[in-house]
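Per-entry structural report
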Amino acid sequence: PGSIYKLVTAMAALEEKALDKNTLIEDTGEIKVGIYRYGNWYFDKYGSKEGMINIEKALARSNDIFFYKVGEKVGIDKLVSWSAKFGLGKKTEIDLPSEATGLLPTPLWMEKTNGQRWFLGNTYHMAIGQGDLLTTPLQMNRLTAAAVSGDWCKPQIVNREQGTECRAIGVSEENRKIIMNGMRMVCEEGGTAYTFFDMKGKVLCKTGTAQHGGEDTKPHAWITVVVDDVVVTVLLEAAGEGSAEAGPVARKIVNYILETY
């Protein structure tokens, strides 16, 4: 899922009191662990750092260094626990056949499947939605809805007779507001979702650019957008950057929603 998953990392950190909205973490551009290097996209692309930033700014800028360090603070066990609360690693149970479950990796899964230990680098990857984590667009759409509403709902095809099943995932209103403010900043000047800058204050966003395959393979382009009471999630596989490729598609859908409602 790439950086859309940072909504989980952010909520886990807030709920577990690993940080609060005033906590500042320095963007060092890169982190080195032994022979391994973990960089921030802004540093790797432009050679620039963003100084001391809080969680809202980190969401707005999708700052990898911030979320590497936050993932380390929270720890893999709690990241996994919160991922499960948001519905990852299992079917949404939508009324359609052949739904995929995705994959929510754990240290035990790593040992049993690959015969390897779970290292800090694996936690870094997980914290930014990379590594072995696999999701579906529907899972990420529901995850977005849960992050802003606090409710986990079973999706269904519209106009079916049965009612929607929802339950609270157990997050505070204060922390939801922090996440929503960060998502609001994503869609404003200085954020990553530049196709929505002219809609300042009307939408909440989170972009994602998910690396996969080799260095010559384009990343998956993601964006998830909240407009009124609707969540729009777009995935373009192997298309490029989320802001540049998925963003314009989502904007067309959002325009249609606003014109129709």
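Predicted, not measured: the structure shown is a model, and the values here were computed from it.

Rules and cut-offs
Residues numbered from 1 in each chain as written. Predicted model: local features only at pLDDT ≥ 70, side-chain atom pairs only at ≥ 80, totals over all residues. Heavy atoms only, no water. Helix = DSSP H or I, 4+ residues; strand = E, 2+ residues; numbered from the N terminus. Buried < 20%, exposed > 50% of the residue type's maximum accessible area, 1.4 Å probe, protein only. Core = buried A, V, L, I, M, F, W, Y, C linked by side-chain atoms within 4.5 Å. Contact = heavy atoms within 4.5 Å. Disulfide = S-S within 2.5 Å. 1 Å grid on protein atoms, 1.4 Å probe; cavity = no way out; pocket = protein on both sides within 12 Å on 5 of 7 lines; lining within 4 Å. Points joined across faces, edges and corners; volume = space filled by probe spheres on them. Nonpolar A, V, L, I, M, F, W, Y, C, P; charged D, E, K, R; others polar.

The topology assignment puts Leu-96 in the loop between helix H5 (76–85) and helix H6 (107–114). Residue class for Leu-96 comes out partly exposed when judged on its relative accessible area of 46%. With 61 residues separating them in the primary sequence, Leu-96 and Ile-157 have C-alpha atoms 8.2 Å apart.

On to the nonpolar core. Counting 53 residues, the largest nonpolar core has Phe-66, Leu-79, Phe-86, Met-126 and Ile-179 as the members making the most contacts within it. A per-element tally of this core places helix H1 (residues 6–15) first, with seven residues. One finds Met-199, Val-227, Val-230 and Val-232 within the second-largest nonpolar core, a separate group that totals 18 residues.

On to H5, then. By the burial criterion, the buried members of H5 are Ile-76, Leu-79, Val-80, Trp-82 and Ser-83. Summarising the contacts, the buried residues of H5 are in contact with H1, helix H4 (64–74), H6 and helix H7 (120–127). Where H5 ends, the next residue or the one after it, Gly-87, has phi of about 90 degrees, a positive value.

Time to look at the state of the cysteines. Considering all chains together, one arrives at two disulfides under this definition. Across a sulfur-sulfur distance of 2.0 Å, Cys-153 and Cys-166 are joined as a disulfide pair. The S-S bond linking Cys-153 to Cys-166 shows a torsion near 110 degrees; that makes this disulfide right-handed. On the criterion of sequence distance, the pair formed by Cys-153 in strand S5 (residues 151–153) and Cys-166 in strand S6 (residues 166–168) is long-range, its members being 13 residues apart. The partly exposed category is assigned to Cys-153, whose relative accessible area is 23%. A sulfur-sulfur distance of 2.0 Å marks the disulfide that ties Cys-187 to Cys-205.

Bringing the layout of surface pockets into the picture now. Taken as a whole, the largest pocket encloses approximately 970 Å³ of empty space. As for the largest pocket, its lining consists of 33 residues, and the residues nearest its centre are Trp-41, Asp-64, Thr-209, Gln-211 and Glu-241. Listing elements by their share of the lining of the largest pocket, those giving two or more residues are strand S3 (36–39), helix H2 (41–46), H4, strand S7 (203–210) and helix H10 (242–260). In terms of residue count, H2 provides more of the lining of the largest pocket than any other element does, four residues in total. Here the second largest pocket is characterised by a volume of approximately 600 Å³. Around the second largest pocket, the lining is made up of 21 residues, and of these Asn-141, Ala-145, Pro-155, Asp-229 and Val-231 lie nearest the centre. Elements supplying a minimum of two residues to the lining of the second largest pocket: helix H8 (137–149), S5 and strand S9 (230–236). Residues that form the lining of the second largest pocket fall into these classes: 12 nonpolar, four polar and five charged.

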